[in-house]
Amino acid sequence: MPDALLLIAPVLVPFFGAALAMMLRGRPVLARAVGVATTGVLAVASFALLWRAATWSGLPLTVFGGWPRGFGISFSASWPGVMLVAVTALIAVAAAIYAIGDIGTRRRRAGYDALMLAMLGAVNGAFLTDDLFNLYVWFELALVAALGLLTIDRRPSQIDGAIRYASFAMLAATAILLGVGMIYGITGTLDIREAGAALAGRPPGFALAVASALLLAGLALKAGLAPFHLWLPASYHTAPTTVASVFAGLLTKMGFYALLLVFVALFGIASGSLAAAQLTPVFGLIAAVTMIVCALGALAQTDMRRLLAYHVIAQVGYMAVGLALASRDGVAASVFYMVHSIIVQANLFLGIGLIRRASGSWDLSGAGGMVRREPLFALVFAVPVLSLAGIPPFSGFWAKLIVIRESLDAGMGWLGAIGIVAGLLTIVSMAILWSDACWKDPRRPLHRIPRTGVAAMALLSAATIAIGLLPQWLWTVAQLSARALTGTP
Amino acid sequence: MTYLYALVGAGMFGCAIILILSRNMVRMLLGLSLLATGTNMLLFLAGRIRSQQPPIIEEGVRTLGESADPITQAMILTAIVIGFALTVMLAVLVLRAWRTQGTVDARDGDAAETLGPPRERDPVDA
């Protein structure tokens, strides 16, 4: 029983905190206390779950309502899920620390704490569930909370961005639901592993093709893969910095995780199923286009938020390379990249928020002088910048190395070559970002930046350095994840 | 019967997509709502059109005889609630856009696009 409670704690704790914070939102100081305390408890529970899963031999599974497996909704502490829940907790802690200096009384009165906790709970639910329909429900819940966070200042630009985001996301959710319904019609179960086992020996038919196309379109839109990426740079930049950072870190990766789950565990793309041969070229094309188009798109931007929004998508392209390789090591490469990317993207958004606080502008031309005014910030900010660019010894170097190595091993060298070209473009873009913000002389005197903001960034930068120095640890987790997803011991 | 349901579902999707492609945001909203309803129709079909009996086990009997699939019904109920919540959410956003910008034409809603360079003066709230 304690194990079952531990398993659902990453979902229950934030929802309980969200309910409490919603009641207390008239008192912003109390709401903030509830938000910070709940995030702390969430972090403890998530890391306890990670530790429990790492020391356990069998994977803990809970089916709600005492139903046999395949009928009830089941949660399981299986591999990529528990790791991602722990990373989510890390992002949540960093966001809570950063929010002390970024989210003021007005935004807390508007329900910031409750919405943020609800979104974290929904993201954790998606990472832990084993049920296809339940996965769809968590996506919708996360979307509702995200829309609330996106429009928290009620500015026209936010309403505008939210309409774009909401309409695209609703379209995606409908496609996902249709695909899930078709899978249910074909296999008669909603449990991902059971349905995967039922599909394993089946020759690809028309209904299966339609279902996979719908799921691919819906989940690729959620993950921000080209050609479904246009909503992301059109909406993320309107959100407050803390919110944009959590969005950039978690929401697209939640979509990509679902893509991995559906195409690896359900359709068996990495275990040599018949469908894999048809799907792999499509994934290869999507990954290549996403990497190149979005790395180029980032170069054209001078608004820091849009520049990073394009990088968010380009990074999902690298993850999709792992999926396109249709091998177990390819899936492991995707998982490694996903964990690295969540931490780095969230950290970069936190960083540009502080640059804006100092310079008063989101535009790169107005920024500068941070290295003199805030040397500690410039140092801490350099870690995610260099990591995204793929410079050793930071986590991005290993992530890119693994993806490119696996693509060479799988005989898809052209995909690795495109990854290298996109990587070079990323280096240029990141060099411009850091040197413009930190080295260049500022046009106007800079303002002070909150210490809590730098502390939050330091936490995430430390995680990036830890992955960079001990990549074999995360690689072991990634290989365990690939084994759990493909269902091979 | 199955073909009839499939045809109705397809018709709803067609109408929904035409509505979504409209520049009028209210039509887009209605289209998304219709799309969700069409999806429910197809979910219903995924459980197969079988007996009309409700999935209730009679007293003294241990197994369920010929009956309708309860899982698709549960899915549809959940999907209706979620679809309703999202439609309301989007309706609020469109209403807000209409109140602040006085238009429901998607071409005029470019506040998020024009935002940014060269200088943006949004209030820092801290």
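Residues numbered from 1 in each chain as written. Chains lettered and ligands numbered in written order. Predicted model: local features only at pLDDT ≥ 70, side-chain atom pairs only at ≥ 80, totals over all residues.

- An unreviewed UniProt entry lists chain B under the name NADH-quinone oxidoreductase subunit K, from Sphingomonas rustica.
- What UniProt states about chain B under its Sequence similarities (unreviewed entry) heading is, verbatim, "Belongs to the CPA3 antiporters (TC 2.A.63) subunit C family." (UniProt positions renumbered as here; feature names shortened; annotations may be inferred.)

- As named in an unreviewed UniProt entry, chain A is Proton-conducting transporter membrane subunit, taken from Sphingomonas rustica.
- Annotation of chain A in UniProt includes, under Sequence similarities (unreviewed entry), the sentence "Belongs to the CPA3 antiporters (TC 2.A.63) subunit D family."

**Section: the overall build of chain B**
Next up, step 1: The secondary structure content of chain B amounts to four helices and zero strands.
Next up, step 2: A burial count over chain B gives 25% of its 126 residues as buried.
Next up, step 3: Within chain B, contacts between residues at least 6 apart in sequence are counted, and of these 56% link residues at least 24 apart. (Helix = DSSP H or I, 4+ residues; strand = E, 2+ residues; numbered from the N terminus. Buried ≥ 20, exposed ≤ 12 C-beta atoms within 10 Å, placed from the backbone. Contact = placed C-beta atoms within 7 Å.)

**As for the overall build of chain A**
Next up, step 1: Across its full length, chain A holds 20 helices and two strands.
Next up, step 2: When each of the 489 residues of chain A is scored for burial, the buried share is 65%.

**A short note on the UniProt feature "transmembrane region" (unreviewed entry) in chain B**
Next up, step 1: Taking the numbering used here, the UniProt-annotated feature "transmembrane region" (unreviewed entry) corresponds to residues 6-22, 29-51 and 71-95 of chain B.
Next up, step 2: Measuring from the first to the last C-alpha atom of residues 6-22 of chain B gives 25 Å, for a span that is 88% helix and 0% strand.

**Digging into the interface of chain B and chain A**
Next up, step 1: Opposite the 37 residues of chain B that make contact, chain A presents 41 residues.
Next up, step 2: Of all elements in the fold, only helix H2 (25-46), helix H3 (70-101) and helix H4 (111-114) of chain B reach the threshold of two or more residues within the side of chain B that touches chain A.
Next up, step 3: Sorting elements by how many residues they give to the side of chain B that touches chain A places H3 of chain B first, with 14 residues.
Next up, step 4: Here the residues of the side of chain B that touches chain A sort into 25 nonpolar, six polar and six charged. (Nonpolar A, V, L, I, M, F, W, Y, C, P; charged D, E, K, R; others polar.)

**Regarding helix H11 (residues 241-266) of chain A**
All names here are of chain A.
Next up, step 1: Given a rise of 1.5 Å per residue, 26 residues ought to cover 38 Å, and the 36 Å separating the end C-alpha atoms of H11 matches this to within 8%.
Next up, step 2: Phe 247 marks where H11 bends most, by close to 35°.
Next up, step 3: The buried fraction of H11 amounts to 26 of the 26 residues, a majority that puts the element mostly inside the structure.
Next up, step 4: Gly 268 sits one or two positions beyond H11 and adopts a positive phi of about 60°. (Expected span 1.5 Å × (residues − 1). Bend = angle between axes of the 7 residues up to and from the residue.)

**A few points about the nonpolar core**
Next up, step 1: Formed by 228 residues in total, the largest nonpolar core has its most connected members in Met 119 and Ala 142 of chain A.
Next up, step 2: Residues in contact with Met 119 of chain A, not counting those within four places in the same chain, are Ala 142, Ala 145, Ala 146 and Leu 149 of chain A. (Core = buried A, V, L, I, M, F, W, Y, C linked by C-beta atoms within 7 Å.)

**Re the packing of helix H6 (residues 132-150) of chain A against H3 of chain B**
Next up, step 1: The contact between H6 of chain A and H3 of chain B brings their axes to 11 Å, and the two run at 15°. What the angle tells us is that H6 of chain A and H3 of chain B run roughly parallel. Considering only the axes of H6 of chain A and H3 of chain B, their crossing is left-handed. Seen from H6 of chain A, the contacting residues are Phe 133, Val 137, Glu 140, Val 144 and Leu 147 of chain A; seen from H3 of chain B, they are Met 75, Thr 78, Ile 82, Ala 85, Leu 86 and Met 89 of chain B.
Next up, step 2: Within the contact of H6 of chain A with H3 of chain B, the residues separate by chemical class into nine nonpolar, one polar and one charged. (Axes fitted to C-alpha atoms, helices over the stretch in contact; angles between N-to-C directions. Parallel < 35°, antiparallel > 145°, perpendicular 65-115°, else oblique. Left-handed = near helix turned anticlockwise from the far one by under 90°.)

**So, unusual backbone geometry**
All names here are of chain A.
Next up, step 1: For the bond from Ala 226 to Pro 227, the omega torsion is 0°, close enough to zero to count as cis.
Next up, step 2: By secondary structure assignment, the location of Pro 227 is in the loop between helix H9 (206-223) and helix H10 (231-235).
Next up, step 3: Here the bond from Pro 392 into Pro 393 is cis, since omega is 5°, no more than 30 degrees from zero.
Next up, step 4: Here Pro 393 is to be found in the loop between helix H16 (375-389) and helix H17 (395-409).

**Here's the deal with the confidence of the model for chain B**
In low-pLDDT regions, the fine details of the predicted coordinates are not to be read closely.
Residue and element names in this part refer to chain B.
Next up, step 1: Looking at chain B, the pLDDT average stands at 80 and 79% of residues meet or exceed 70.
Next up, step 2: Predicted confidence in chain B is weakest over H4, with a mean pLDDT of 68, and strongest over helix H1 (residues 2-20), with 91.
Next up, step 3: Taken as a whole, residues 116-126 scores under 50 in pLDDT and shows 22 contacts with residues more than four places along the chain or in a different chain.
Next up, step 4: Overall fold confidence (pTM) sits at 0.92, and the ipTM for the predicted complex is 0.86. (pLDDT = per-residue confidence, 0-100.)

**Some remarks on the environment of Ala 173 of chain A**
Residues and elements named next belong to chain A.
Next up, step 1: Mapping Ala 173 onto the fold places it in helix H7 (residues 156-187).
Next up, step 2: Classification of Ala 173 by C-beta neighbours within 10 Å gives buried; the count is 26.
Next up, step 3: Sequence separation of Ala 173 and Arg 306 is 133 residues, and the distance between their C-alpha atoms is 25 Å.
Next up, step 4: For Ala 173, the residues in contact, after removing those within four places along its chain, are Tyr 136, Phe 139, Glu 140, Leu 143 and Gly 218.

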